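Chain and residue survey
What follows is the residue order along each chain.
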Amino acid sequence: MKKFFKIFLCLFVLIGAPSQAFSGEWWLFVSGGASDRQSAAADLTLRRTFDAVYENEELSILPLVEISANYIRKNSNNDFWSGTLSGGGLAVFNREGIWRPYASLTFGGAFFSETTFYNKNFGISFQFRTKGAVGIQFGDDFRHSIQADFAHFSNGGINEHNSGINTYCISYGFRF
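Residues numbered from 1 in each chain as written. Predicted model: local features only at pLDDT ≥ 70, side-chain atom pairs only at ≥ 80, totals over all residues. Heavy atoms only, no water.

**Concerning the pattern of salt bridges**
- Counted by the stated rule, this structure contains five salt bridges.
- Of the charged contacts, one joins K120 and D36 as a salt bridge, the two residues approaching to 3.5 Å between their closest N and O atoms. Highlighted residues: K120 in strand β8 (residues 120-121) and D36 in the loop between β1 (24-35) and β2 (39-50), separated in sequence by 84 residues. Across this residue pair, the class does not change: K120 and D36 are buried.
- Taking the shortest distance from any N to any O, the salt bridge between K131 and E66 comes out at 4.0 Å. (Salt bridge = Lys/Arg side-chain N within 4 Å of Asp/Glu carboxyl O. Helix = DSSP H or I, 4+ residues; strand = E, 2+ residues; numbered from the N terminus. Buried < 20%, exposed > 50% of the residue type's maximum accessible area, 1.4 Å probe, protein only.)

Here it is in C-alpha cells:
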C-alpha cells in the first residue's frame, strides 16, 4: 500500500511540474455516488486545464490532466481504493449570464488496491479508466462547478479476467 501512495504522489508532482510553462486553471472536485452492485463510490480529483486549443465566441476547447483518488465500498468486507492519472479535453460553451455549460472526456490508467471486489474479478491491479462528464460552471468568474459524471474501469482485455466496474457520481468543483 505504501508503494501505491508513493506512485500517486510522484504523479501528482509531475502534473504540477510543467505548469510554469503553460497558463491554465486548477480545479478540485469532490464526488459521491454509486457503482456497480449497489455499492457507494467517492472520488477526489485534482484537474489542471491548459490554454485553449480552439476558441471562438460560443465554444472553448481546452486540454486537461486529472489525478484522482477513488474509493468504492459495498460493505465493511468489500471495498477498495484506486489512483488514476488521465488526460483529455474540456468543451466549455461560452454564454452570457451567471452559468455556462460544459462537457469533458478523459482517458487514463488506474491502479486498484485489490484485484477482486464482491463477485468481480478485475484480473490485475492496472486498469484503464474512461470518464465522461457534463456540468455547469457558475458563481464569481465561474469558479464553482456542479457535474454529473460516468466512469468505466476495465483492463481492456490484457488479462483473461476483466469484470470492469462503472461509477455514477455527482461532483462539486472549485477553481483556485
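**Focus on the confidence of the model for the protein**
- When the pLDDT values of the protein are averaged, the result is 90; 88% of them are 70 or greater.
- Scored below 50 in pLDDT, residues 17-21 makes two contacts in the model with residues more than four places away or belonging to other chains. (pLDDT = per-residue confidence, 0-100. Contact = heavy atoms within 4.5 Å.)

**Focus on the pairing of strand β4 (residues 59-75)**
- Sheet topology note: the β2/β4 ladder contains ten bridges and is antiparallel. In the strand pairing of β4, R47 is matched with E66.
- Where strand β3 (residues 54-55) lies against β4, two bridges are found, and the strand directions are antiparallel. Across the sheet, residue Y54 finds its bridge partner in β4, namely I61.
- Between β3 and β4, which follow one another and run antiparallel, lie three residues.
- Relative to strand β5 (residues 78-93), β4 is paired through 16 bridges, and the arrangement is antiparallel. Paired with L62 across the strands is L90, a residue of β5. (Pairing = 2+ DSSP bridges.)

**Things to note about empty space enclosed by the protein**
- Taken as a whole, this structure holds one cavity of 30 Å³ or more when the rule is applied.
- Its boundaries defined by the atoms lining it, the largest cavity holds a volume of some 90 Å³.
- In this structure, the largest cavity is lined by S31, A41, A42, D43, N70, R129, K131, D149, A151, F153, T167 and C169.
- Secondary structure elements with two or more residues in the lining of the largest cavity: β2, β9 (126-138), β10 (144-154) and β11 (165-175). (1 Å grid on protein atoms, 1.4 Å probe; cavity = no way out; pocket = protein on both sides within 12 Å on 5 of 7 lines; lining within 4 Å. Points joined across faces, edges and corners; volume = space filled by probe spheres on them.)

**Side note on the packing of aromatic side chains**
- The full count for this structure, using the stated rule, is eleven aromatic pairs.
- Ring geometry for W27 against F29: centres 5.8 Å apart, planes inclined by 20°, an arrangement best described as stacked. As far as burial versus exposure is concerned, W27 and F29 are alike and both buried.
- Put simply, the rings of F80, F112, F117, F122 and F153 touch in pairs and so form one group of aromatic residues.
- A cation sits over an aromatic face here: K74 above Y118, 4.8 Å from the ring centre. (Phe/Tyr/Trp six-rings, centres within 6.5 Å; stacked < 30°, edge-to-face > 60°. Lys NZ or Arg CZ within 6 Å of the ring centre and 35° of its normal.)

**Focus on the side chain of S154**
- Among the secondary structure elements, S154 is positioned in strand β10.
- Judged by its relative accessible area of 12%, S154 is buried.
- Reaching out from S154, the side chain makes a polar contact with the backbone nitrogen of G156 at a distance of 3.1 Å.
- Looking at S154, its side chain comes within polar contact range of the side chain of N162, at 2.9 Å.
- What S154 contacts, discounting residues up to four positions off in sequence, is Q127, F128, N162 and G164. (Polar contact = N/O pair within 3.5 Å; in protein donor to acceptor, adjacent residues only side chain to side chain.)

**Concerning the environment of L64**
- With respect to the element layout, L64 can be found in strand β4.
- Judged by relative accessible area, L64 falls into the buried class, the value being 2%.
- Note: C-alpha distance between L64 and R47 (17 residues apart in sequence) is 6.9 Å.

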